[in-house]
Structures are given as structure tokens and as C-alpha cells.
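Single-letter residue listing:
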Amino acid sequence: MRRICCVCLKIKSEHGGWEKPNSVKGVKLSHGYCPRCYRRLVDALPADIFAGRYRQADH
Ligand SMILES: [Zn+2]
């Protein structure tokens, strides 16, 4: 099972890098994020989520 980034569709190689999917036909894939897209995702979220203080507006 290989990890595929669901944002840029790169696939994690056996060496730990991320590469374009060219020779992965028939390989079982598990969706996730590569470090670059994960970083972008995290940066787009409000910091409160990671401080454990996130809640829905109740007023
Ligand atoms: Zn990615």
C-alpha cells in the first residue's frame, strides 16, 4: 500500500520521497497528504484548532 497525496496526486516512493504517479498501476493507494500540501493545509486553518480552543460560534 502506497500513500497518494489527494491534492497534488504525487505518490510516496519507497525511498521516502514524493514522485509523479507513472509506474504505479495496480498498486493499492491510501489517500493522504504529502508534506508540502499538508503544510499548506495547516497554514490555511485557524491556529485555534491546534491550541485545542476551537469551537463553533455559540453567540
Ligand atoms: Zn501533495
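Treat the numbers as computed from the prediction; the structure is a model and nothing was measured.

Procedures and definitions
Residues numbered from 1 in each chain as written. Predicted model: local features only at pLDDT ≥ 70, side-chain atom pairs only at ≥ 80, totals over all residues. Helix = DSSP H or I, 4+ residues; strand = E, 2+ residues; numbered from the N terminus. Buried ≥ 20, exposed ≤ 12 C-beta atoms within 10 Å, placed from the backbone.

Student: Which parts of the structure should I look at to understand the overall build of the protein chain?
Tutor: On a plain count of helices and strands, the protein chain comes out with one helix and four strands. The order of helices and strands in the protein chain, counted from the N terminus, is β-β-β-β-α.

Student: Is there a simple way to explain unusual backbone geometry in this structure?
Tutor: A negative phi angle is the norm for most residues apart from glycine, just as the trans form is the norm for most peptide bonds. You will see that Leu9, though not glycine, has its phi angle at about 65 degrees, which is positive. Classification of Leu9 by C-beta neighbours within 10 Å gives partly exposed; the count is 13.

Student: Please clarify how the environment of Lys20 should be interpreted in this entry.
Tutor: The residue Lys20 is located in the loop between strand 3 (18-19) and strand 4 (29-32) in this model. We classify Lys20 as exposed; it has 10 C-beta atoms within 10 Å. With ten residues separating them in the primary sequence, Lys20 and Lys10 have C-alpha atoms 4.8 Å apart.

Student: Could you clarify how one ought to interpret the environment of Asn22 in this entry?
Tutor: Locating Asn22 in the fold gives a position in the loop between strand 3 and strand 4. With eleven residues separating them along the chain, Asn22 and Ile11 place their C-alpha atoms 9.3 Å apart.

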